[in-house]
Amino acid sequence: MAPKNNPLVTGYLLFYNGLLAIGWSYIFLLSIKNYSDYSTLWDKVEFPLKIFQTAAILEVVHTIVGIVPSNLFLTFFQVSSRVFALWGILHMSPPSQTCFGFPLLLFAWTITEIIRYEYYVLYLVGLSSLIKWIRYFLTNAYPNECLLSPCF
């Protein structure tokens, strides 16, 4: 996620990634607070989850316009799979919202996204080595997320 040497682009990416790091942290805190009753967890996290997961569509746009050097196919696949899981399964199928797998999926998403967006912010300010080891150590959360998809 290296922007071209444009201070406006860098500022925008700092804002975008910082906002999403805060948003996913908020979702994580809501999840922890309401984890004991996973049958109502969806009701507690639905609105911020829809906002911050859907906002990831901008990552595809960032790749298309060239402000980040990400692979378009991989970015599209990751974002579309999560957006589909959110809107196509969780939103459209209320039984999936109370499935025992939903808290696990939510945990995998939040941990992965908090680390990823914090990494991007730190990268943009030149401090990425502080969190790099956490990002690569915990990136197995994404494969775990894929394994949980059959629960829905």
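Anyway, here's the lowdown on the structure attached to this text. (Residues numbered from 1 in each chain as written. Predicted model: local features only at pLDDT ≥ 70, side-chain atom pairs only at ≥ 80, totals over all residues. Heavy atoms only, no water.)

### Brief notes about the overall build of the protein
Reasoning step 1: Counting secondary structure elements, the protein contains eight helices and zero strands.
Reasoning step 2: In the protein, the succession of helices and strands from N to C terminus is α-α-α-α-α-α-α-α.
Reasoning step 3: For the protein, the proportion of its 152 residues judged to be buried stands at 43%.
Reasoning step 4: Of all intrachain contacts in the protein linking residues separated by at least 6 positions in sequence, the fraction that spans at least 24 positions is 70%.
Reasoning step 5: Surface exposure of the protein reaches about 8,300 Å², of which carbon and sulfur atoms provide 72%. (Helix = DSSP H or I, 4+ residues; strand = E, 2+ residues; numbered from the N terminus. Buried < 20%, exposed > 50% of the residue type's maximum accessible area, 1.4 Å probe, protein only. Contact = heavy atoms within 4.5 Å. Areas by Shrake-Rupley, 256 points an atom, 1.4 Å probe, with all protein chains shown as cover.)

### Some points on the packing of aromatic side chains
Reasoning step 1: Applying the stated criterion to the full structure yields eight aromatic pairs.
Reasoning step 2: On the numbers, 6.2 Å between centres and 80° between planes, the contact of Y16 with Y117 is edge-to-face. Of the two residues, Y16 is situated in helix α1 (residues 7-33) and Y117 in helix α6 (residues 101-124); the sequence distance between them amounts to 101 residues.
Reasoning step 3: Among the aromatic side chains, those forming a connected cluster through ring pairs are Y12, Y16, Y117, Y119, Y120 and Y123.
Reasoning step 4: Of note, R116 hangs over the ring of Y117, and the distance from its end group to the ring centre comes to 4.5 Å. (Phe/Tyr/Trp six-rings, centres within 6.5 Å; stacked < 30°, edge-to-face > 60°. Lys NZ or Arg CZ within 6 Å of the ring centre and 35° of its normal.)

### Some words on the pattern of salt bridges
Reasoning step 1: Applying the stated rule across the entire model yields four salt bridges.
Reasoning step 2: The salt bridge partner of E46 is K50, with a shortest N-O separation of 2.6 Å. Note that E46 and K50 are positioned in helix α2 (residues 41-54) at a spacing of four residues, about one turn of the helix.
Reasoning step 3: Here R116 makes a salt bridge to E59, at a shortest N to O gap of 2.9 Å. (Salt bridge = Lys/Arg side-chain N within 4 Å of Asp/Glu carboxyl O.)

### Structural notes on α2
Reasoning step 1: Its 14 residues place the ends of α2 19 Å apart at the C-alpha level, agreeing with the 20 Å of an ideal helix rising 1.5 Å per residue.
Reasoning step 2: The sharpest bend along α2 reaches about 40° and sits at F47, with the proline P48 one to four residues further on.
Reasoning step 3: Among the residues of α2, those classed as buried are L41, W42, V45, P48, L49, K50, F52 and Q53.
Reasoning step 4: As for α2, its buried residues are in contact with α1, α3 (57-65), α4 (72-91), α5 (94-97) and α6. (Expected span 1.5 Å × (residues − 1). Bend = angle between axes of the 7 residues up to and from the residue.)

### A word on the nonpolar core
Reasoning step 1: In terms of nonpolar packing, the biggest core is built from 26 residues, with W24, L49, F102, W109 and Y117 touching the most fellow members.
Reasoning step 2: The set of elements that each furnish at least two residues to this core consists of α1, α2, α4 and α6.
Reasoning step 3: The dominant element in this core, judged by the number of residues it contributes, is α6, at eight residues.
Reasoning step 4: By size, the runner-up hydrophobic cluster in this structure holds five residues, among which are V9, L13, I67 and V68. (Core = buried A, V, L, I, M, F, W, Y, C linked by side-chain atoms within 4.5 Å.)

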